Amino acid sequence: MRIGPTKNLLAGLMFIGLGLGALWLSRGLEIGTADAMGSGYFPRLVAMLLIGCGGVLAALALIRPDGRPEAWHWRPLVCITLAALAFALLLRPLGLVATLVVTILIGAGAGPLLPPLRLALLTLVLVVVNVGIFVMALGMPIRLWPALS
């Protein structure tokens with residue numbers, strides 16, 4: 001029998017912590033009802049799902065322990081964090097298309113490096129899909145290109 005935290009136990013506790021944090025952050029938002037959702041309805045729903053999934057994962061880890069946690073990997077953490085920050089900071093000045101290109105290129109550094117042609121194709125597909133979903137299908141007022149001032 002293993003002693004100490006396992007991968008799934010730690011992941012479950014992390015999900016529970018994120019869900020509790022989301023509940024706390026959304027505490028001032030109006031919930032509403034399923035028919036007339038308030039601004040806090042969906043965040044709280046997702047938070048409760050996180051807590052529930054985390055609880056199930058942690059309980060299963062206690063019943064049937066899995067492997068030990070792996071060593072910390074810094075590159076994925078740094079790349080994904082920088083990609084999220086780049087998206088937040090660049091969307092207004094650069095527009096959606098350029099911001100997505102920068103974000104995808106930064107995020108690609110989190111895993112094994114793709115050959116340039118595959119990375120270019122992935123970038124093209126992701127830009128087209130995002131523009132198609134968020135701008136064309138959902139009609140979100142997101143500027144596609146940098147503002148000419």
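In short, a report on the structure.

Parameters and conventions
Residues numbered from 1 in each chain as written. Predicted model: local features only at pLDDT ≥ 70, side-chain atom pairs only at ≥ 80, totals over all residues. Heavy atoms only, no water. Helix = DSSP H or I, 4+ residues; strand = E, 2+ residues; numbered from the N terminus. Rg over C-alpha atoms; globule rule 2.2 N^0.38 Å. Buried < 20%, exposed > 50% of the residue type's maximum accessible area, 1.4 Å probe, protein only. Contact = heavy atoms within 4.5 Å. Areas by Shrake-Rupley, 256 points an atom, 1.4 Å probe, with all protein chains shown as cover. Expected span 1.5 Å × (residues − 1). Core = buried A, V, L, I, M, F, W, Y, C linked by side-chain atoms within 4.5 Å.

Within the protein one finds four helices and zero strands. N-terminal to C-terminal, the α/β element order of the protein is α-α-α-α. A compact globule built from 149 residues should have a C-alpha radius of gyration of about 15 Å, whereas the protein, at 20 Å, is more than 25% larger. C-alpha atoms of the protein, sized along the principal axes, occupy 60 × 45 × 25 Å. Across the 149 residues that make up the protein, the buried fraction comes to 20%. A fraction of 63% describes how many contacts in the protein between residues 6 or more apart in sequence connect residues 24 or more apart. A total of about 10,800 Å² of accessible surface is found on the protein, and carbon and sulfur atoms cover 76% of it.

All right, on to helix 2 (residues 41–63) then. For the α-helix, the turn length of 3.6 residues means that residues three or four positions removed from each other point alike. Between its terminal C-alpha atoms helix 2 stretches 33 Å, which fits the 33 Å expected from 23 residues at 1.5 Å a residue. Turning to helix 2, its buried residues are Arg44, Ala47, Gly54, Ala58 and Ala61. Against helix 1 (7–25) lie the buried residues of helix 2.

Mapping Ala88 onto the fold places it in helix 3 (residues 74–108). Judged by its relative accessible area of 58%, Ala88 is exposed. Sequence-wise, Ala88 and Val127 are 39 residues apart; in three dimensions their C-alpha atoms are separated by 16 Å.

A few words now on the nonpolar core. By size, the foremost hydrophobic cluster in this structure holds seven residues: Leu96, Val97, Leu100, Ile104, Val127, Val131 and Val135. Elements that contribute at least two residues to this core include exactly helix 3 and helix 4 (116–137). At four residues, helix 3 tops the list of elements feeding residues into this core. Those residues in contact with Val97 that lie beyond four places of it in its chain are Val127, Val131, Leu144 and Trp145.

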